[in-house]
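Architecture at a glance
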Amino acid sequence: MTLSGIVLRNLRHYWRQHLGVIAGAAICSMVLVGALMVGDSVKATLKRLAGERIGQADIALLAPDGFFREALSVDLSRDKETVVAPLVVTRGNVSLPDGTRMARNVQVLGVDERFWKLAPNPDTAPDLSKDEFFVNARLGSYLAAKQGDRLILRVEEPGLFSRDAPLSGERDNKFVSLNKELGGVLGAEAFGRFGLQGNQREPLTIFVPMKTLQKRMFRSFDEESGNTGFANFLLLGRPGGEAVQLESAEAALNEAWSLADAGISVKELRDTPAWSIRSRQVFLSESLRQAGEKSALQTTGVLTYLVNAIAKGTPEANSSALIPYSMVSAVNPSKSNFLPNDLKDDEIVLGQWASDDLNASAGDAISVSYFAVGERRKLLEKTQTFRLRATTPLPLKVPEDQESDWTPLFPGLSDAESCGEWDTGIPIKHEVRTKDEDYWDDYRGSPKAFVSLAAGQAMWGNRWGSLTGLRVAKEDASREDINKTLRSELTASEAGLLFRSLRQDASAAAESPIDFGQLFLGFSFFVIVAAMALTGMLFAFAMEQRNRQAGLLLALGISRKKVRRLFLAEGLLLSMAGSGLGVWLATLYGQTTLHLLSGEWSGAVSGATFDFAINPASVVGGLCGAVFIALLAMGWATRRQLRAEPRELLAMGETFASTAPRSGSSKSGSGKVSMRIALTLTFIGIVMALLTDLSGPGASMVFFGVGWCLLAAGLLFFRAKLSKAACESGTLPDAATLSRRNAARRSGRSLITAGAMAAGAFLVVGTGAFRKDSSSISSTRDSGTGGFALVGESALPVYDDLNGLEGRELYDLNSTLLSDVYVTPLRVREGDDASCLNLNKALRPRLYGVKPSEFSDRFAFAEGNWSTLVHDVSEDGSIPAVVDQNTMLWALKKGVGDLVEYQDGEGEIFQVRLAAVAKGSMLQGALYIDEKHFEEKFPKQGGYRSFLVDSPSKKMNEVSGHLADRLANYGLEFRPASERLNELQEVENTYIAIFQALGGLGLLLGTAGLAVVVIRNLLERSKEFGLMEALGYSMSALRKHAIVEHRGLALWGLGVGASAALVGIAPMLFGEAGQKPGTGFAWLFAALVALSLFWTWLAVSLSLRTSRLSTLRDE
Amino acid sequence: MSAFVELSNVSKNYQSPGGEEGVEVFSGINLTLDEGESAAIVGPSGSGKSTLLNVVGVLDKPSGGKVMVDEREVTELGPEEAAAFRNQTVGFVFQAHHLLPQCTVLENVMVPALAGHGNLTGVSLRKRAEELLEEVGLSHRLHHRPAEISGGEKQRAAVARALVNEPKLLLADEPTGSLDKANADRLTELLATLHETRGLTLLAVTHSTAVASRMGAIYRLDAGKLVRD
């Protein structure tokens, strides 16, 4: 026989007593390992989804604000292994021909067979030869479409340049429709989940043969050559091989890209021996201007603009002599050979035709009227007065189908046969005369006047550029020289070609900002504590029954340390057995939790479904943790036992008795102190409650604090009561007093029992105070909706102000209906959804451009406000942003003043600073910056895609339907702002519900601990019961007394906890906001009471099942 | 006049855990005690003295035979009746005092009355308890806890507790077993006095010759048989 042999014998002999310990350890392990399994499953699922989203692609090249040559994909293919797949990525609406179903804001992918070479499973590539559409599973399900059904796709025909810009062509967007059969539905393996943004939700996607889409979308892109081979997205990957590295891809791009990819061309001028550097976007970007000017090329900038009128005299003179709609060019006089070198900025040179028409002579005042584009594409007519300095000869006639050397290709203008066909996007209010038509026929857009470049840029310079061309003399450079020079001066990103490391981003995004393992560990806190307490108590209980054994071993000379180790070795084996069992249970726990997350608790994960995954490291870690916790509990629970002397242990028998209290002991004093503190806390709580408006902001937090005060006070009252009972003496009016006295005997144990029940009940019920009820969402401006009634989003940008007369006429909006409606548009830069609805980590949150004045007084702020966007200018150049508090804290894990990095339209890095923080708002998921900053950083991006609507609630639905109907082509959809806020709050509410459910489970388990306490108390007092029996107490009377005594503990604890919790949720119960909690907490409380009573009854019944008289005989 | 305590052919066996063979503690026990009579049962350790006392006090049931106390067949009593019987008819004094540590001496004495079988409550109960404690010489210890008094005082308090419901039969199981000689003598004297003054029927199990000598009769229990000395 060895000591380890004793351990095994003990385990075998006392196996019944150990079953409870094993059960406790198993529960602890189940919860620990199960929570980690949930975390692993969420991670594995997000990783799988990320893999399905990007397939075998490693890198993406995109042109966020333009299009490049599809041939760039061929130029970038450096080896056979690397697949470079070009895509046309846009958004549109997809509907059934009968109009019964329409999906808005659908991701439209123009693809060819190369795309599917990078799919998760390339063998699943569909047959594109039939020129059919394919949809992903979500869109297929949404449309309820099956193979062979016809679908209508509607997309925007992209403009050459931003429709925000002046002279960008017709005001309304151009749409193209495609009507094709559905070839099939593509699953995840066939790239059905493809997307750039990390999100567990599958996007709505339609796949269109690229050539088909290009032919329709780019039919007007290159009218000279008729080329439609453009794309705005390239996917690079090496299926089955090593990942394509970003650096090597950048190097390849730097060699492969051409000026044509950036829409830059070098035109040979007809009338002058010079070249003109032009842009497809009409206005030269700032980087192109700088590249031209700082290069070795001798460039001359030109800015040509369409003016409304050139008139003789000042505007005040109201001259009837005016020339309508003419081109005016601005050039540097010193670099031209036909303008006076010293032409001043307030001087103008008229062409001979104009001079004759106006009958003007040198020195005359000449006024030039033109449209500038204001906010929301509002046309502002301005007039500038010049002094006529000189006249230039008539220009050379322009051959048919060609344009003047001075004038870029303005959409709707350059291709017009006559002035009557002009479609420049500006209202024609002056009469176009016959001689004007004649001039157009002969000279097209040849300028009728010239001003200095500085004067021209002051009038017509805008965010898209301040030049329409850069001239280079032929004698200074050849076309090749210019191409070469510009290519060396410009980077691909400046040309609008941006790389993104898809694999790296996908991997980073799959790291959820919320570690569900830790989250569920936190939620399971009560279960773990309850299991730990149960394990410790049961083990201590089992060990106390073996006091004599411990005493004997000590008496036999085995060291205290060794005996302790002996006992703990037994505990270790028990906890290992229990924890092992718990691992098996954990798989059930984890699967059940995931099942609930996909069902009952889906609000927390936005409807995601998860794969169950087991990570061996988590299992081992959780198992070790559970064993350690169980062992810790056992060690702590038995810490006092082996401190006793062998003699004492031998004499103790099966109980570890403590010294009985003496009358007049210090308990009386501590009871008075407890009472005083309790009264003080109650007073503080009442004062706090009285001073707080039940319906006011922050009421929940204050009342939760009040609840805590009352909870502490209640427990201190209980302590004082126990102290008083322990010290009282005199008459014994009834048996209840004896019960109270008994409870006071083990005041520590009684207080812990009642305290645990109280704290648990309070936390589980009280956290309901933070639940947010959808019916209580306020519509005030400082509420979470900001006072907006509707939120909307469109697939395509809307350029015009929907509040203005022109906008309402353009879209045929009902002015009567919208008379008291205001639509606030927001510019949108696509990015990751950083709201709590997205489980993925948001790397680059969506960016909104807002007009701060339209948001003043809206939403409640924890820091700063909307004016911060205007006034909080930082020296480091960072742009201030408004962010929702939840987004900042949980999704971005940042604080006020922290920076978030973005790339502007030309690939330049800039920082957005979290300067103002909104509380509990529907602004979650994005950053909001001043529209002016937005325009500076993304000048090429036009229009608005997000809308917030102020509308009387009674006609909210009508307004929503009307706007969506009139702007159906744009894929505009609205939903109530309260619904959006509720969707976000639902996440928070679900987390609270999970906490309450798991906390409640822990608490219910904790009530089992009550049974252990009861059994332990009763067994310790076996002799006492034996005596009582001998003195004539019946067993039923003794059981009744025992139940009364212990029921009191549980009910006091639950009563204190629930009362304090009810105060905590008073704002929900009685606040004007009417945030009524569900009945869940009441049911939970009822279950707690019932279970407490049940366990008490069961424990008493088991412990006092038979006569205790035998304990007297032992004497 | 019939006997107050009458045991006829009483036997007690303990079944072994396997149930195959029983251990006989005693058998064929006949004992008669008239009301107000006192007797001591002596014998070697393990002879079954305490078991016999417990059978008389309805703390244990005999395996056979008949036990009559105060003209009642106590072996036939159900649990509730037995409890009431013990409470109202019998007073126990054990070798260990078994005072409730959470109650004062006065309260301990009052405890039997709280079982609800008698009519003694409130002020009258307290008064009675105080009188009893005065009678056993503990009037100065009314509000002390058991932990605060000596062993002899505890045992005297236990005697007072045994008398609170004015039982007709006082059973004492080694009442002086855990006391020193001085305290044992004092307790023996107290029991004898109470027997005389209150006319109690007293049956004591003891090893003490001093205690036994103060009883009216002495019975020896040995080898399962009871014989009067």
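Cut-offs and rules
- Residues numbered from 1 in each chain as written.
- Chains lettered and ligands numbered in written order.
- Predicted model: local features only at pLDDT ≥ 70, side-chain atom pairs only at ≥ 80, totals over all residues.
- Helix = DSSP H or I, 4+ residues; strand = E, 2+ residues; numbered from the N terminus.
- Rg over C-alpha atoms; globule rule 2.2 N^0.38 Å.
- Buried ≥ 20, exposed ≤ 12 C-beta atoms within 10 Å, placed from the backbone.
- Pairing = 2+ DSSP bridges.
- Axes fitted to C-alpha atoms, helices over the stretch in contact; angles between N-to-C directions.
- Contact = placed C-beta atoms within 7 Å.
- Parallel < 35°, antiparallel > 145°, perpendicular 65-115°, else oblique.
- Left-handed = near helix turned anticlockwise from the far one by under 90°.
- Nonpolar A, V, L, I, M, F, W, Y, C, P; charged D, E, K, R; others polar.

1. Examining the overall build of chain A
- Across its full length, chain A carries 34 helices and 30 strands.
- Whereas a compact globule of 1115 residues would reach a radius of gyration of roughly 32 Å, chain A reaches 40 Å, over 25% beyond that.
- Taken along the three principal axes of its C-alpha coordinates, chain A extends 135 × 65 × 55 Å.
- In chain A, which comprises 1115 residues, the share counted as buried stands at 53%.

2. As for the sheet that holds strand 6 (residues 90-93) of chain B
Residues and elements named next belong to chain B.
- With mixed pairing, the six strands of this open sheet are ordered in space as 6-7-8-3-9-10. Whereas interior strands pair on both sides, the edge strands pair on one side only; in this sheet they are strand 6 and strand 10 (225-228). Within this sheet the neighbouring strands show an average axis-to-axis angle of 20 degrees, counted without direction.
- Packed on one face of the sheet, helix 1 (residues 49-56) meets strand 3 (38-42), strand 7 (169-173), strand 8 (201-205) and strand 9 (217-222) and runs near 150 degrees to strand 8.

3. Observations concerning the packing of helix 2 (residues 15-54) of chain A against helix 14 (residues 516-523) of chain A
All names here are of chain A.
- Across the interface, helix 2 lies against helix 14 with an axial gap of 7 Å and an inter-helix angle of 150 degrees. The orientation of helix 2 relative to helix 14 falls into the category roughly antiparallel. In the crossing of helix 2 with helix 14, the sense of the turn from one axis to the other is right-handed. Of the residues in helix 14, those in contact with Leu32, Ala35, Leu36, Val38, Gly39, Asp40 and Val42 of helix 2 are Phe516, Gly517, Gln518, Phe520 and Leu521.

4. Some remarks on the packing of helix 2 of chain A against helix 18 (residues 616-637) of chain A
Residue and element names in this part refer to chain A.
- The interhelical angle for the contact between helix 2 and helix 18, taken along N-to-C directions, is 150 degrees, at an axis separation of 9 Å. The angle between helix 2 and helix 18 places the two elements in the roughly antiparallel class. Seen from above, helix 2 lies across helix 18 with right-handed handedness. Each of Gly24, Ala25, Cys28, Ser29, Leu32, Val33, Leu36, Met37 and Asp40 in helix 2 lies in contact with helix 18, whose residues at this interface are Ser618, Val619, Gly621, Gly622, Leu623, Gly625, Ala626, Ile629 and Ala630.
- When grouped by side-chain class, the residues that make up the contact of helix 2 with helix 18 number 11 nonpolar, six polar and one charged.

5. Description of the interface of chain B and chain A
- Taken together, the contact between chain B and chain A spans 32 residues of the former and 25 residues of the latter.
- Looking at the side of chain B that touches chain A, the elements with two or more residues in it are helix 2 (79-89) and helix 3 (105-110) of chain B.
- For the side of chain B that touches chain A, the element with the most residues is helix 2 of chain B, which contributes seven residues.

6. Structural notes on the sheet that holds strand 2 (residues 22-33) of chain B
All names here are of chain B.
- Judged by pairing direction, the sheet is antiparallel, and its four strands sit side by side in the order 2-1-4-5 without closing on themselves. The sheet terminates laterally at strand 2 and strand 5 (72-73), the two strands that pair on one side only.
- Relative to strand 4 (residues 64-69), strand 1 (residues 5-15) is paired through five bridges, and the arrangement is antiparallel. Bridging from a neighbouring strand, Ser8 pairs with Lys66 of strand 4.

7. Observations regarding the pairing of strand 23 (residues 846-850) of chain A
Residues and elements named next belong to chain A.
- Burial runs high along strand 23: four of the five residues are buried.
- Pairing geometry for strand 22 (residues 822-829) and strand 23, over three bridges, is antiparallel. Counterpart to Arg827 in the pairing with strand 23 is Gly849.

8. A look at the pairing of strand 3 of chain B
Residue and element names in this part refer to chain B.
- The buried fraction of strand 3 amounts to four of the five residues, a majority that puts the element mostly inside the structure.
- The sheet contact formed by strand 3 and strand 8 spans four bridges and is parallel. Counterpart to Ala39 in the pairing with strand 8 is Leu203.

9. Side note on the environment of Ala311(A)
Residue and element names in this part refer to chain A.
- Looking at the element boundaries, Ala311 is found in strand 13 (residues 299-312).
- For Ala311, a count of 25 C-beta atoms within 10 Å gives the class buried.
- Taking C-alpha positions, Ala311 is 79 Å from Val764, a pair spaced 453 residues apart along the chain.

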